[in-house]
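Below are the chains, spelled out letter by letter.
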Amino acid sequence: MSGTTSPFDEDPDLGEVVVARDDLHAKIAELGTAITRDYAGEAPLFVCVLKGAFIFLSDIARAVDLPVEFDFMAVSSYGTATKTSGIVRIVKDLDIDLTGRHVVVIEDIVDSGLTLNYLLKHLAVRQPASLEVCALLVKEGERRHMPDLRYVGFTIPDEFVVGYGLDVAERYRNLPDVRRYRGA
Ligand code: 5GP
C-alpha cells in the first residue's frame, strides 16, 4: 500500500498535466478572496453539482472567509462518454429553499455550457436574490450556450481531462492534478 510509485504513473491513458496542483491551489485561494470580498456581510449558499465538483467545493469552501452554507445537486446528462447532449435529468435536487438567497453554483468544468444553462434556468425560477457561477475549468472555443460565469479558474484547451474531481467511469477523481485523458 505504501511506496513512492503510484498506479497513475504507469497508466497509459493519462496524458500531460494540464493544470498542476500548486496552480489549482493558488487560483482557488484567489477565487476565495474574491468571493469573500464580493459577498461581504452575506451568508452565500454554495450549490455543488455532484459528483465532479466535490473536491473543488471542499477547497474553495475553506478559502472563503464567510458563513457559507452548502447544498448539493446531482444531474445526469445524456450523451456519449465524453460529450454531453444537453438533455439533463436532475437525480438529486436541493434541500434548501433558494428564495432570497445569494446562490453561487460551484462547477467543475464547463464544456458546451448546456448542462450549466439547464441548471441555471432550473435554479432561477426559485427566486434567489442572486445567482452566480464559480467554474474551475472552462474549455476554450466559441460556445453558443455559454452562460455568464462570474468566477473562472482556468481556461483550458478543448480536450478531455481528468483529475481533481473529474472522472472517466468514476476513476481518476482523486488525481491531485488535472491531466489530459488519452483513452477517449
Ligand atoms: P457541458 O454541458 O458544458 O458540455 O458539459 C459539462 C459536464 O460534462 C461537466 O459538468 C462534466 O461532468 C462533463 N465534462 C465536460 N468536459 C469534461 C472533461 O474534459 N472531463 C470530464 N471528466 N468531464 C467533462
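Residues numbered from 1 in each chain as written. Predicted model: local features only at pLDDT ≥ 70, side-chain atom pairs only at ≥ 80, totals over all residues. Heavy atoms only, no water.

Enquirer: Can you walk me through the overall build of the protein in this structure?
Expert: Helix and strand counts for the protein stand at three helices and nine strands. The order of α-helices and β-strands along the protein, N terminus first, is β-α-β-α-β-β-β-α-β-β-β-β. A compact globule built from 184 residues would reach a C-alpha radius of gyration of about 16 Å, and the protein, at 16 Å, matches this within 12%. Based on the C-alpha atoms only, the size of the protein along its principal axes is roughly 50 × 35 × 30 Å. A total of 184 residues make up the protein; the buried ones form 45% of that total. When contacts within the protein are restricted to residue pairs at least 6 apart in sequence, long-range pairs at least 24 apart make up 67% of them. With the model as given, the accessible surface of the protein reaches about 9600 Å², and the carbon-plus-sulfur share is 50%. Of note, the protein has its 20 positive side-chain charges centred 4 Å away from the centre of its 29 negative side-chain charges. (Helix = DSSP H or I, 4+ residues; strand = E, 2+ residues; numbered from the N terminus. Rg over C-alpha atoms; globule rule 2.2 N^0.38 Å. Buried < 20%, exposed > 50% of the residue type's maximum accessible area, 1.4 Å probe, protein only. Contact = heavy atoms within 4.5 Å. Areas by Shrake-Rupley, 256 points an atom, 1.4 Å probe, with all protein chains shown as cover. Lys, Arg positive; Asp, Glu negative; His and termini not counted. Charge placed at Lys NZ, Arg CZ, Asp CG, Glu CD.)

Enquirer: Would you explain the pattern of salt bridges in this entry?
Expert: Should their charged atoms come close, side chains of opposite charge can pair. In the structure shown here, the tally under the stated rule is 15 salt bridges. D111 is the partner of K139 in a salt bridge, and the nearest nitrogen-oxygen pair spans 3.6 Å. Highlighted residues: K139 in strand β6 (residues 130-139) and D111 in the loop between β5 (102-110) and α3 (114-124), separated in sequence by 28 residues. Classification of K139 by relative accessible area gives buried; the value is 6%. By relative accessible area, D111 is classed as buried at 17%. In this structure, E170 and R173 form a salt bridge, with 2.9 Å as the shortest nitrogen-oxygen distance. (Salt bridge = Lys/Arg side-chain N within 4 Å of Asp/Glu carboxyl O.)

Enquirer: Can you walk me through the packing of aromatic side chains in this structure?
Expert: Geometry of an aromatic ring pair is reported as the spacing of the ring centres plus the angle between the planes. Taken as a whole and assessed by the stated rule, the structure comprises four aromatic pairs. Taking 5.9 Å as the distance between ring centres and 90 degrees as the angle between the ring planes, the aromatic pair formed by F46 and F70 counts as edge-to-face. With F46 in strand β2 (residues 45-50) and F70 in strand β3 (residues 69-79), this pair connects stretches of sequence that are 24 residues apart. Ring-pair connections join several aromatic residues into one group, and the members of that group are F8, F160, Y172 and Y181. The ring of F154 has K27 sitting right over it, with the charged end atom 5.6 Å from the ring centre. (Phe/Tyr/Trp six-rings, centres within 6.5 Å; stacked < 30°, edge-to-face > 60°. Lys NZ or Arg CZ within 6 Å of the ring centre and 35° of its normal.)

Enquirer: How should the nonpolar core be read in this particular structure?
Expert: Nonpolar side chains tend to gather and get buried jointly when the protein is soluble and globular. Among the nonpolar cores identified, the biggest contains 30 residues, and F46, F56, I60, I106, C134 and L137 are the most heavily contacted of them. A per-element tally of this core places helix α1 (residues 21-38) first, with five residues. (Core = buried A, V, L, I, M, F, W, Y, C linked by side-chain atoms within 4.5 Å.)

Enquirer: Is there a simple way to explain the environment of A26 in this structure?
Expert: You can see A26 is positioned in helix α1. Judged by its relative accessible area of 44%, A26 is partly exposed. Spatially, the C-alpha atoms of A26 and I60 are 11 Å apart, while their sequence positions differ by 34 residues.

Enquirer: Looking at this structure, how should I read unusual backbone geometry?
Expert: When glycine is set aside, most residues are seen to have a negative phi, and most peptide bonds are trans. Note the cis peptide between L50 and K51, where omega equals -5 degrees. With respect to the secondary-structure elements, K51 resides in the loop between β2 and α2 (54-63). In the Ramachandran plot, E170 falls in the positive-phi region, its phi being about 75 degrees despite a non-glycine side chain. You can see E170 is positioned in the loop between β8 (161-162) and β9 (178-181). Although it is not a glycine, Y172 sits at a positive phi angle of roughly 80 degrees. Secondary-structure assignment places Y172 in the loop between β8 and β9.

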